[in-house]
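Residues per chain are reported as follows:
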Amino acid sequence: MNIKRIKLISAVMAGVLVFSACKRVPEVNPTETAKPTQTEASGPSESKPSETRQTEGTRDPDGDTPVKEGSLFKMADIDGDGFDEKIVLDPVMTGSPPVNTSFTVRVGNSSIEAFYEDFEPDFSIVDIDESDEYMEIAVSSYGPSSDLNTAFYHYDGKDLKFMGDIQGFYGMTEWGEGELKIDGSGKIRTLVKSYFIQTWFHEEEYLLKGDLSFEKVGKDLYGMNTDVVMLGDLTLYRERGGAEMGITVKKGAEVLLKDTDDREWCSVVTKSGETGWMAVDEDYKVRGATYYTYDLFEGLTIAD
Ligand SMILES: [Ca+2]
Ligand SMILES: [Ca+2]
């Protein structure tokens, strides 16, 4: 037995130990129980963990999903039956220069084809809810204009099911850790893009439901916290939802657009600490004024 082989076996054993430890204490790091993605390529067979980990019960038929050249796969027990499945992603590149435009995710005899612009040719096995025995497949994409997205898939032991898309990237991106977070609580936290008053992002939570769909939890108010300068006068409402008028902020004043329901109301705080509320219709039309938000405030971000 040469040194390379010993190293490999040590690495595999270490992987098994880490995996076992995580299985016993999933709350330590529930999203890291899956092994790193392997790329199927020609080369010595001992470089493929799937073929060296015979002791972990890969006799499960789903552990033998065929893998094409250029495809990626991971081994993980995502249906909770005690045996690892082989989860395969076949990326498809088109165009010039070529970009990833579609993929097929496969487990056993079940597969789903999906189309996402500039998806990461990788995927993650995640545990959205530690209280159920399943783990989920997450494929993130960069989208056409920073429209980050993660698609989720569920495998019940027989069929793959598309669960839904959630804004935000899971895992490492070119600029660091993605903003979509999974902690095993059954909730996914992420940043979503809003086109209310301006183009901005706010935190959002989604709850995994029993029918495998995601429900937006939503907040009463989201912090916008954008400093702007008034380009015209505006009389504010005294209270959110009210009809009584309050203070008037004058052209040239610096104000803070603080909290908003992301639908209709936003609080405006003056330099002296007075607060009033602005109502906005159709995302950009300031109620009671002839202004659009981007004509009334300097300092907003307006993107497509
Ligand atoms: Ca399994
Ligand atoms: Ca689970």
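One can find the structure itself at the top, above this paragraph.
Residues numbered from 1 in each chain as written. Chains lettered and ligands numbered in written order. Predicted model: local features only at pLDDT ≥ 70, side-chain atom pairs only at ≥ 80, totals over all residues.

Peer 1: Could you clarify how one ought to interpret the environment of Thr 270 in this entry?
Peer 2: Relative to the assigned elements, Thr 270 resides in strand β20 (residues 265–270). Leave out the neighbours within four places in its chain, and Thr 270 touches Val 249, Ala 253 and Val 255. (Helix = DSSP H or I, 4+ residues; strand = E, 2+ residues; numbered from the N terminus. Contact = placed C-beta atoms within 7 Å.)

Peer 1: Can you help me understand the pairing of strand β19 (residues 254–260) in this one?
Peer 2: It is a general feature of regular strands that their side chains alternate between the two faces of the sheet. In this structure, strand β16 (residues 222–230) lies alongside β19, joined through 6 bridges in antiparallel fashion. Bridging from a neighbouring strand, Tyr 222 pairs with Thr 260 of β19. Summarising the sheet, β19 and β20 pair through 4 bridges and their orientation is antiparallel. The partner of Val 255 across the bridge, within β20, is Thr 270. (Pairing = 2+ DSSP bridges.)

Peer 1: Help me understand the sheet that holds strand β9 (residues 160–167), please; the structure alone is not making it clear to me.
Peer 2: Pairing between the strands of a sheet comes from backbone hydrogen bonds, and it takes one of two forms, parallel or antiparallel. Judged by pairing direction, the sheet is antiparallel, and its 4 strands sit side by side in the order β6-β7-β8-β9 without closing on themselves. Where the open sheet ends on each side, the last strands, each with one partner, are β6 (124–126) and β9. Going across the sheet, the axis of each strand differs from the next one's by a mean of 30°, ignoring polarity. By the bridge criterion, 3 bridges tie β6 to strand β7 (residues 136–141) in an arrangement that is antiparallel. The residue of β7 that forms the bridge with Ser 124 is Ala 138. (Axes fitted to C-alpha atoms, helices over the stretch in contact; angles between N-to-C directions.)

Peer 1: Help me out: how do you make sense of the nonpolar core in this one?
Peer 2: Grouped burial of nonpolar side chains is what soluble globular proteins tend to show. Of all hydrophobic cores here, the largest spans 35 residues; its most connected members are Ile 87, Ile 137, Val 139 and Tyr 153. Looking at this core, the elements with two or more residues in it are β2 (72–76), β3 (85–94), β4 (99–107), β6, β7, β8 (149–155), β9 and β14 (200–208). Examining the composition of this core, we find that 4 residues originate from one element, β8, more than from any other. Look past the residues within four positions of Tyr 153 in its chain and what remains in contact with it is Val 105, Ile 112, Glu 136, Ile 137, Leu 160, Lys 161, Phe 162 and Met 163. Of all hydrophobic cores here, the second largest spans 17 residues; its members include Met 224, Leu 257, Val 268 and Phe 297. (Core = buried A, V, L, I, M, F, W, Y, C linked by C-beta atoms within 7 Å. Buried ≥ 20, exposed ≤ 12 C-beta atoms within 10 Å, placed from the backbone.)

Peer 1: What is the right way to look at the pairing of β16 in this model?
Peer 2: Here β16 pairs with strand β23 (residues 297–298) via 2 bridges, running antiparallel. Bridge pairing in β23 places Val 229 opposite Glu 298.

Peer 1: Help me out: how do you make sense of the sheet that holds β14 in this one?
Peer 2: With respect to topology, 4 strands assemble into an open sheet ordered β12-β13-β14-β15, the strand pairing being antiparallel. The sheet is open, and its two borders are formed by β12 (181–182) and β15 (214–216), each paired with just one other strand. As defined by bridge partners, β12 adjoins strand β13 (residues 187–194) across 2 bridges and the pair is classed as antiparallel. From the neighbouring strand, Lys 181 faces β13, where its bridge partner is Arg 189.

Taken by themselves, the reported measurements are silent on function.
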